[in-house]
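What follows is the residue order along each chain.
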Amino acid sequence: MDRRSLIKHAGVAGVLAAGVAPAVHAQAAVRWRLASSFPKSLDTIYGGAETFAKHVKAISGGKFEISVHAAGELMPAFGVVDGVQQGSIEAAHTAPYYFFGKDETFAIGGAIPFGLNSRQMSAWTFEGNGLKLMREFYAKYNIISFPCGNTGAQMGGWFRKEIKSLADMKGLKFRVGGFAGKVIERLGGVPQNIPGGEIYQALEKGTIDAAEWIGPYDDQKLGFNKVAPNYYYPGWWEGGLQLDLYINQKAYDALTPEYKAIVEVASAAAHVDMQAKYDAKNPTALKQLVGAGAKLRPFPGDVMSAAFKESMKLYEELSARNESWRKVYADYSKFRGDQNLWFRFTEATFDRFMQSQKL
């Protein structure tokens, strides 16, 4: 097996274990800058970019280095698509749905309300048509994408006051990630799209009434429980948020085939690593938050039902007026239906049984 094949088939772990620097001794040195949409304090989600960069450097024998910059260092958290598109940076690590204002289709690449869970999203991306369709869409922005992390299903956020029914959503100023705000609006709420590093201050000052981020591990670091005691679940708008690595198309095209292969396997390694970290760290953090006084509450049934109904209506409306959305969502929706049928008989049934047992 030649060295290029080793990268493609052995994966990053095998390459590193073998101590092989695949065909890089003859490669020119490459230096890139990557802008993250996240603060350094969030070692899980910001760390996805660092994990990616670490693997790129290791596999290339130090020939290919990528410096990672937190939100605000090179550009604002929500400015990274413009940065990659214009070529002022070579790469970015971000949540696609932050950019739904440019085109709602961005959101499908990350998470949409009542969409795919993390395993289903990976299946659609890698084995379905997801990667192909999203890359066709991103090409309009001079971007090529690589999946680079998933948070898994998220919590529903921190609320100053208890949500007892759908009526309590009226007028609620809610920091919610990206595209989900469109559904919150339809429920009568007032969505706020605020970067992670700025949420606590807004919640503390009362500028907003509620905020969601990801889940217990990150939320504990951000301290939301200190200013809003009611912790709701589930995050119905994020059944499995996929993070993306965006690369400027011209910069990517300039890479050698070996370096392109390194980017692919390094992003795949970071993709798996992120959710493993969240799944490992969230249980302990949740116990600690409850021990410190957080009140776990499920969203009321009428909120869930209304949110689902409005989400489906929104998708129909978007399909009628946005050609890009219609093309991608039609494939995504069919895949979701098949996945839910399969999971109904396997994953869901197994999980329900195990969660009812005393372990």
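Residues numbered from 1 in each chain as written. Predicted model: local features only at pLDDT ≥ 70, side-chain atom pairs only at ≥ 80, totals over all residues. Heavy atoms only, no water.

S.K.: If you had to explain the pattern of salt bridges to someone new, which residues and values would you point to?
M.R.: Counting across every chain of the model gives 15 salt bridges. Via salt bridges that share partners, Arg31, Lys57 and Glu65 belong to a single interconnected network. (Salt bridge = Lys/Arg side-chain N within 4 Å of Asp/Glu carboxyl O.)

S.K.: I'd like a rundown of the side chain of threonine 125, residues and numbers included.
M.R.: Its place among the elements puts threonine 125 in helix α5 (residues 118-126). Among the residues examined, threonine 125 registers a relative accessible area of 5% and is labelled buried. Filtering out sequence-adjacent residues up to four positions away, threonine 125 remains in contact with Gly130, Leu131, Pro147 and Gln242. (Helix = DSSP H or I, 4+ residues; strand = E, 2+ residues; numbered from the N terminus. Buried < 20%, exposed > 50% of the residue type's maximum accessible area, 1.4 Å probe, protein only. Contact = heavy atoms within 4.5 Å.)

S.K.: Give a description of the sheet that holds strand β11 (residues 295-298) that names residues and reports values.
M.R.: Taken together, 6 strands build an open sheet; the order of strands is β7-β6-β8-β5-β9-β11 and the sheet is mixed. Either end of the sheet is taken by a strand with one partner, and the two such strands are β7 (190-192) and β11. One ladder, built from 4 bridges, connects strand β9 (residues 230-233) with β11; its direction is parallel. Directly across from tyrosine 232, in β11, lies its bridge partner arginine 297. (Pairing = 2+ DSSP bridges.)

S.K.: Explain the side chain of asparagine 322 to me, using residue names and the numbers behind them.
M.R.: If you trace the backbone, asparagine 322 turns up in the loop between α12 (301-321) and α13 (323-345). A polar contact is formed between the side chain of asparagine 322 and the side chain of glutamate 104, at a distance of 3.1 Å. The contacts of asparagine 322, once residues within four sequence positions are left out, are Asp103, Glu104 and Thr105. (Polar contact = N/O pair within 3.5 Å; in protein donor to acceptor, adjacent residues only side chain to side chain.)

S.K.: Describe the sheet that holds strand β3 (residues 91-94), listing the residues and the values that go with them.
M.R.: Sheet architecture is open: 5 strands sit in the order β2-β1-β3-β10-β4, paired in mixed fashion. Each end of this open sheet is capped by a strand with a single partner; those strands are β2 (64-69) and β4 (143-150). Here the average twist between neighbouring strands, direction ignored, is 25°. Those strands touched by helix α6 (residues 130-138) are β4 and β10 (242-248), and its axis lies near 130° from that of β4. Lying over the sheet, helix α11 (residues 257-291) contacts β1 (30-36), β2, β3, β4 and β10, oriented at roughly 30° with respect to β4. (Axes fitted to C-alpha atoms, helices over the stretch in contact; angles between N-to-C directions.)

S.K.: Can you explain the packing of aromatic side chains? Please cite residues and give values.
M.R.: All chains considered together, the criterion is met by 33 aromatic pairs. An angle of 55° between the planes, with centres 5.7 Å apart, marks the rings of phenylalanine 137 and tyrosine 138 as tilted. Considered together, phenylalanine 137 and tyrosine 138 belong to a single accessibility category, that of buried residues. The rings of Phe38, Phe78, Tyr97, Tyr98, Phe99, Phe106, Phe137, Tyr138, Tyr141, Trp213 and Tyr246 are connected pair by pair, giving a single aromatic cluster. For arginine 135, the ring lying beneath its charged end belongs to phenylalanine 146, and the centroid distance is 4.6 Å. (Phe/Tyr/Trp six-rings, centres within 6.5 Å; stacked < 30°, edge-to-face > 60°. Lys NZ or Arg CZ within 6 Å of the ring centre and 35° of its normal.)

S.K.: Can you lay out α6 for me, pointing to particular residues and giving the numbers?
M.R.: Listed as buried for α6 are Gly130, Leu133, Met134, Phe137 and Tyr138. Taken around the axis of α6, the buried residues stretch over an arc of 135°, which confines them to a single face. For α6, the secondary structure elements touched by its buried residues are α4 (105-108), α5, β4, β10 and α13. (Arc of directions from axis to C-beta.)

S.K.: Before we move on, can you summarise the nonpolar core with the specific residues and values?
M.R.: Across soluble globular proteins, nonpolar side chains have a tendency to be buried as a group. If you look at the biggest cluster of nonpolar residues, it comprises 106 residues, and the most contacted ones within it are Phe52, Trp124 and Trp213. Per-element tally for this core: the top contributor is α11, with 9 residues. What tryptophan 124 contacts, discounting residues up to four positions off in sequence, is Ile108, Leu116, Asn129, Gly130, Leu131, Leu133, Met134, Val328, Asp331, Tyr332 and Phe335. (Core = buried A, V, L, I, M, F, W, Y, C linked by side-chain atoms within 4.5 Å.)

S.K.: Residue-level account of the environment of glycine 110, with values.
M.R.: With respect to the helices, strands and loops of the structure, glycine 110 is situated in the loop between α4 and α5. Among the residues examined, glycine 110 registers a relative accessible area of 0% and is labelled buried. The sequence separation of glycine 110 and leucine 243 amounts to 133 residues, and the corresponding C-alpha distance is 6.2 Å. Non-local contacts of glycine 110, meaning those with residues more than four positions away in its chain, are made with Pro96, Met121, Gly240, Leu241 and Gln242.

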